[in-house]
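Read off the chains here:
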Amino acid sequence: MARIEPSAVPLLAESLTAAGQPAPVFVRQLAVTELGLLAPGVLILDLDGLETDPLEMLRMLRFVLPACMIAVYTNVLEEPWALACHMAGANCLLSKASDAEQVTLGLRGSLQRGCYTDPSFTAA
Amino acid sequence: MTVVRDAEELDFVWTSSVFGGFKVSTRIMPAHSARRGGDWCETFALSKHVVALSIGDVCGHGLAAFEAMLLTRQFVRDGAAWGLDPSQTLAQVNQALCREERGFYATAIFGLLDTRRNTFTFANAGHPPPLLAGAFGEYFLEFGNGDLLLGMSKAAIAQLHVVTIPAETLLVLYTDGIIERQRDVILGQRQLRNAATLAYRSSALSAAPVIERQMFLAGSSHDDAALLTARAPSPRMYSTL
């Protein structure tokens, strides 16, 4: 996970476990190349406020992790942002305003169906 | 975890656009009236010397076509990650789409660019043929009868083709929105050949944006459009790789 707020960790851990992903790992810093070597099955990213181009970051991650389920966990509840993230390689768009149940639903939906967009993005 | 932009990562940024000496560029242009499209194009690494090129077009517009595109794109990634060749990958995608029974059809090219052997191994499921532009001129990689679209017949298997990419040659993959912008495919193909020739000669520039500008594609298309280009390195670079 990239730049996940510490307060969100329990919620995401609970959701990942409920979605069938055992033993989620939290790391403070990791380079893209190292992520490619680790080859995680699921990656949750917080790209809000990233200094570099977040979409380019997504494309880079997709380049090294073709089979990974990449979820973006964001406060930017705008449909164009969700579409841009999907086009750059994200499978799943999760809202930071969602509770654990909704996040679990999104992660499970992505793992089963290949993609998911939280309804908040289209409702905003 | 924070994804950092360190020296190692900056090196990766460079290699993501120049992979094994091949300069790769992509461009996706949604139709001016559409919020969501069914076109995709992307690249991903499968090994130190092999980069996957994936491009396709799910028929239709709107949310359903967009979601079908995300699903189809992921099926391609999964097949490639399992080590299937491009023909097997598209066969698996085809079967998955047929199982969906939602009536979605897609055209796609999936290929593996081997930067050591300078080959492009690909399968084409009903998609416009790739274009090669180089010192010899330019030509479309067409092989007799085209293969069926994905999602039409469970038994369909796209043929596997292997082509050598000569030094400095430009490989262009594109969706039909590129050549059907003016609703005249013959004209569109001619315009693409001309634009690809210009991009080939402008070797210092990224090829996809050159083609986009030369064909006046930005904001003018009635259909989604996607471009994926790969330029082979010069012979001098081959000898040092």
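Asker: For this particular structure, what's the right way to read the sheet that holds strand β5 (residues 50-58) of chain B?
Answerer: Either a parallel or an antiparallel arrangement is found when strands of a sheet pair, and the pairing is made through backbone hydrogen bonds. Residues and elements named next belong to chain B. Taken together, the five strands give an open sheet; going across it, the order is β4-β5-β6-β7-β10, and neighbouring strands pair in antiparallel fashion. Either end of the sheet is taken by a strand with one partner, and the two such strands are β4 (39-45) and β10 (160-164). Within this sheet the neighbouring strands show an average axis-to-axis angle of 15 degrees, counted without direction. Bridging between β4 and β5 involves seven bridges; their strand directions are antiparallel. Residue pairing for β5: Ala45 is matched across the bridge by Val51.

Asker: Looking at this structure, I do not really get the confidence of the model for chain A. What am I missing?
Answerer: If pLDDT is low for a region, its predicted coordinates should not be looked at in detail. Averaged over every residue, the pLDDT of chain A is 85; the share at 70 or more is 94%. Averaged pLDDT values for the elements of chain A fall to 70 in strand β1 (residues 29-30) of chain A and rise to 95 in strand β4 (residues 92-95) of chain A.

Asker: Mind showing me how you'd approach the nonpolar core here?
Answerer: Inside soluble globular proteins, nonpolar side chains tend to come together where they are buried. With 104 residues, the main nonpolar core has Leu61 and Ala71 of chain A together with Ala196 of chain B as its most contacted residues. The element best represented in this core is helix α2 (residues 62-81) of chain B, accounting for nine residues. With residues up to four places along the chain from it excluded, the contact list for Ala71 of chain A reads Val42, Leu43, Ile44, Ala90, Asn91, Cys92, Leu94, Leu107 and Ser110 of chain A.

Asker: Quick question: what am I supposed to make of the sheet that holds strand β12 (residues 225-231) of chain B here?
Answerer: Residues and elements named next belong to chain B. Pairing is antiparallel across the open sheet formed by six strands, whose spatial order is β2-β3-β12-β11-β8-β9. Each edge of the open sheet is held by one strand with a lone partner, namely β2 (18-19) and β9 (137-140). Bridge count for strand β3 (residues 22-29) against β12 is seven bridges, and the pairing is antiparallel. The residue bridging Val24 from the neighbouring strand is Ala230, located in β12. Seen against the sheet, helix α5 (residues 185-201) touches β8 (131-134), β9 and β11 (170-174) and runs at an angle of roughly 45 degrees to β8.

Asker: Got a minute to help me understand the confidence of the model for chain B in this structure?
Answerer: Residue and element names in this part refer to chain B. A residue-level look at chain B finds 87% of positions with pLDDT of 70 or above and a mean pLDDT of 85. Low pLDDT, under 50, characterises residues 1-16; the predicted model gives this stretch 32 contacts beyond four residues in sequence or across chains. Our summary of model confidence lists the complex with pTM equal to 0.87 and ipTM equal to 0.83.

What counts and what doesn't
Residues numbered from 1 in each chain as written. Chains lettered and ligands numbered in written order. Predicted model: local features only at pLDDT ≥ 70, side-chain atom pairs only at ≥ 80, totals over all residues. Pairing = 2+ DSSP bridges. Helix = DSSP H or I, 4+ residues; strand = E, 2+ residues; numbered from the N terminus. Axes fitted to C-alpha atoms, helices over the stretch in contact; angles between N-to-C directions. pLDDT = per-residue confidence, 0-100. Core = buried A, V, L, I, M, F, W, Y, C linked by C-beta atoms within 7 Å. Buried ≥ 20, exposed ≤ 12 C-beta atoms within 10 Å, placed from the backbone. Contact = placed C-beta atoms within 7 Å.

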